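Breakdown of the fold
So you can see what is in the structure, the chains are spelled out below.
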Amino acid sequence: MLEDFFSPSSVAVVGASQNPGKIGYDILNNILRHGYAGAVYPINPKAQEILGCKAYADLASVTSDIDLAVIAVPPSAVMGVVEQCGKKKVDSVVIITAGFKEIGHEGALLEEQMAVRARELDIRVVGPNCLGIIDTASCLNASFAAGMPLAGHIGFFSQSGALCVAILDWALGENVGFSRFVSLGNKMDISETEVLLSMGKDDNTRVILGYLESIEDGQRFMEAAKQVSKTKPIIIIKSGTTSAGAKAASSHTGALAGSEHAYNAAFKQSGIVRAESMRALFGYAMAFANQPLPKGPSLAIITNSGGPGILAADACDRSSLHLSPIRKETADRLREFLPPTASVYNPIDIIGDASHERYEKTLAVVLKDELIHAVLILLTPTAAVNAEAVARGVVKLAEDTDKPVITAFMGEKRVRQARKIFQDHAIPTYDYPEDAISALDAMLSYRTWREKPERQFRHYEADTRKVREIFASIIKQHRHDLIENEAREILKAYGFRLPDSRIARTTKEAVAAASDIGLPVVMKIASPDVLHKSDMGGVRVGIETTTMVEDAFFDITSNIQQRQPEARILGVMVQEMIPQGKEVILGITRDIQFGPMVMFGLGGIYVEVLKDVAFRIAPLSVESADAMIRDIRSFPLLRGVRGEAPADIDAIRDALLRLSQMAVDFPEIIEADINPLLVCPEGQGAVAVDARITIHE
Ligand code: ADP
Ligand code: MG
């Protein structure tokens, strides 16, 4: 897959230049200089020879086959070269040239024409407007980057060429090796999804890093990532995720959504490790590329000073890792050689006068403790310690263990050499303990994701015919918002539990309805025009007597008449009162990249202020539904605090899965809120007492 891009037998550089400083020169120079063994054909009608290679006037003049063409001619000439590629049967092309979509309308038009033509000619294209590609296994550097990365196991793709350059330079400085580099450019043809899949299949690539600004096809990308991340970690930094949902939304879910949530959800659901900063990206890359994944969350910290140990312990507390208990035998063995003031419990503080021998002995003992899954070694450069000697000891012991060993030697001048030793021996090393912890945490989350059993999906019986009928009639009436009764019908068709309700047009009907349903009841205005009923004085809860029913009927109707005189009043809804329900909100929204999303949060009037919500892309697996419920900060409230009965979490999960199915079945639903779903105590279910649904044609 895309093999001709990464291990071609021959490469033509169209627009190869004789002048150093020109991109067409740099590319040719890079291809020739770094050991590429295939045939190289510079194409330049004005040259006989460039950099010692015979030059050709055009692709047709080359008599042998060409696997890959790298194009660096002016934008107006690119189309002609694509035609030549078609004639010469070159089916893999990297277009370095800029001046297309990124410059505006005219460029976009030209790019589109080029895309159409390339498709017709069966030519695959990386770029345009990119830095090029590099493959260290075939020693091919078909880019104008300054330098060649060391061979290694990290594959990197990037939507920004500048970032490729920066990463390359970082990698050279830190001794980090790469398998492949792909600068995606404008992604006219080949996008992140295909590059991801091809790196997934590449034996030399063990870790995949990516920098993305946008994703072409969210669902396809997720599918690819799910597949690849089963065997290789994918670490992505995504920029430009400011809310696209800033539009005026009529539902809470719509107002709370936004592409940031969509990306987070998509990454979580496909096993992608998200790096929040460049620093994290580098930090994670080092750890994932060089160390085994931790088999569990138990971390041991070895330190020669208290403060950094505590900082690391705090960071550990905020992560999914935890400080490992130390087995008694381990503690006893440590006591044999550590001074009495040392702490043999985690963080293991071997104190300020620790020498490299003490570090080494401690690490050796700690690595043998089977309760411990990972070790972080901290060092502050005291006078007593020779940091380089410590580093050499760590390197030696780390080679013989299947547990991840990572380090944070703080300072600069006196730890520089030690860091260098770590870099040379693939031991991840960080400036600060927090960065080390966050890398380990990312490794643990990835491992947890990978170990999870196959995703379970549920299918519910649903009366989709009924739903289709209702939607058709609404569209016919040129409406988009469903009235309460319609929304209730839809939810009923999907098996949601709804409170018993009747619409009463008179006080007498209200009293009759209340006695039918059984007191206490709730009464609400029934009007297609009142969006937020309680804001208008249109809701009364806890109505316990017939007199209260009569009063409520009068109050509710007159409130609405006063505050929203134009509202059509259909009557007052008398509704079963759900006691002891915890209010949660469930919703559907649609993301441009990823499609249907389901939201969950703690309900009530503060939902848009607290923003304590979780999103996932539909269809939801049972595991994702469970995870999103636990994702919100206020989850402990649902489990019950101070002797409260726990809420029926299974019923929430069930409701989320039904809603997810509905979102997938009916793309015409653009927004929906169930606010609130009243969740009863464990085993007693959940009831959708209020719902809003918006559709489009
Ligand atoms: P709106 O959101 O339009 O103001 P709701 O129907 O959501 O109207 O009612 C407002 C609040 O009243 C709910 O958030 C809930 O606290 C309470 N409530 C509504 N219906 C019931 C019910 N059937 N049982 C118990 N409480 C209810
Ligand atoms: Mg409501």
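Residues numbered from 1 in each chain as written. Chains lettered and ligands numbered in written order. Predicted model: local features only at pLDDT ≥ 70, side-chain atom pairs only at ≥ 80, totals over all residues. Heavy atoms only, no water.

1. Here we look at the overall build of the protein chain
Filter applied, for reference: In this text, helices come from DSSP runs of H or I with a minimum length of four residues, and strands from runs of E with a minimum of two, each type numbered from the N-terminal end. With a 1.4 Å probe rolled over the protein chains alone, any residue whose accessible area is under 20% of its type maximum counts as buried; one over 50% counts as exposed, and the rest are partly exposed. It only takes one pair of heavy atoms within 4.5 Å for two residues to be counted as in contact. Using a 1.4 Å probe, accessible areas were evaluated by the Shrake-Rupley method; residue-level cover was limited to the displayed protein chains.
Within the protein chain one finds 24 helices and 30 strands. On the principal axes, the C-alpha backbone points of the protein chain span a range of 100 × 80 × 40 Å. Out of the 697 residues in the protein chain, the part that is buried amounts to 56%. Considering only intrachain contacts with a sequence separation of at least 6, the fraction spanning at least 24 residues in the protein chain is 71%. Taken as a whole, the protein chain presents about 29,700 Å² of accessible surface, with 51% of it coming from carbon and sulfur.

2. Topic: the pattern of salt bridges
Our working rule: Note on definitions: salt bridges are taken to be side-chain nitrogens of Lys or Arg within 4 Å of carboxyl oxygens of Asp or Glu.
Applying the stated criterion across every chain, the model contains 41 salt bridges. The partner of R540 in a salt bridge is D555, with the nearest N and O atoms 3.0 Å apart. On the criterion of sequence distance, the pair formed by R540 in strand β23 (residues 539-543) and D555 in helix α20 (residues 546-563) is long-range, its members being 15 residues apart. A network of salt bridges, in which partner residues are shared, links E3, D135, R180 and D202.

3. Remarks on the coordination of the magnesium ion (ligand 2)
As a reminder of what qualifies: For Na, K and Ca the donor cutoff is 3.2 Å, while for all other metals N, O and S atoms must lie within 2.8 Å; water is not among the atoms, so some sites may look incomplete.
Surrounding the magnesium ion (ligand 2) are the protein donor atoms N675 (O) and D690 (OD), at 2.2 Å. Here N675, found in strand β28 (residues 669-679), pairs with D690, found in the loop between β29 (686-688) and β30 (691-695); they are 15 residues apart in sequence, far enough to count as distant. Like D690, N675 is buried.

4. Structural notes on the environment of Q423
Here Q423 lies in helix α15 (residues 416-424). Between the C-alpha atoms of Q423 and R279, which are 144 residues apart in sequence, the distance is 16 Å. Residues contacting Q423, with those up to four places away along its chain left out, are G173, E174 and N175.

5. Overview of a nonpolar patch on the surface
So the rule is basically this: Here the term patch refers to residues with relative accessible area over 30% and no salt bridge, with like charges joined within 9 Å and nonpolar side chains (Val, Leu, Ile, Met, Phe, Trp, Tyr) within 5 Å.
On the surface, I605, Y606, V609 and L610 cluster together to form a nonpolar patch covering roughly 510 Å² of accessible area. By the secondary structure assignment, V609 is in helix α21 (residues 607-610).

6. Quick notes on the nonpolar core
Note the cut-off: For this analysis, a nonpolar core means a set of buried residues of the types Ala, Val, Leu, Ile, Met, Phe, Trp, Tyr and Cys, connected via side-chain atoms within 4.5 Å.
Formed by 56 residues in total, the largest nonpolar core has its most connected members in F5, I31, V94, F157, V182 and L196. Discounting chain neighbours no more than four positions away, the residues touching I31 are V11, V13, Y36, V40, L140, N141 and A142.

7. Looking at the sheet that holds strand β11 (residues 177-183)
The cut-off we apply is this: Pairing between strands requires that DSSP locate at least two bridges from one strand to the other. To get an axis, a line is fitted to the C-alpha atoms, and for a helix only the part in contact is used. The angle between two axes follows their N-to-C directions and goes from 0 to 180 degrees.
Within the open sheet, the seven strands sit side by side as β9-β8-β11-β10-β12-β13-β14. Their pairing is mixed. In the strand order of this sheet, the two ends are held by β9 (140-143) and β14 (273-275), each with one partner. If you compare each strand with its neighbour and ignore which way they point, the axes differ by 25° on average. In this sheet, β11 lies alongside strand β8 (residues 132-135) in antiparallel orientation, the contact comprising three bridges. Following the sheet pairing, I134 is matched in β11 by F181.

8. As for the sheet that holds strand β24 (residues 571-576)
Strand order in the open sheet formed by four strands is β21-β24-β22-β23, with antiparallel pairing between adjacent strands. Each edge of the open sheet carries a strand with a single partner, namely β21 (501-504) and β23. Going across the sheet, the axis of each strand differs from the next one's by a mean of 20°, ignoring polarity. Of the strand pairs in this sheet, strand β22 (residues 521-526) and β23 are connected by three bridges, and their pairing is antiparallel. In the sheet register, V521 faces β23, and the bridge partner there is I543. Relative to the sheet, helix α19 (residues 507-517) contacts β21, β22 and β24, its axis offset from that of β21 by approximately 170°.

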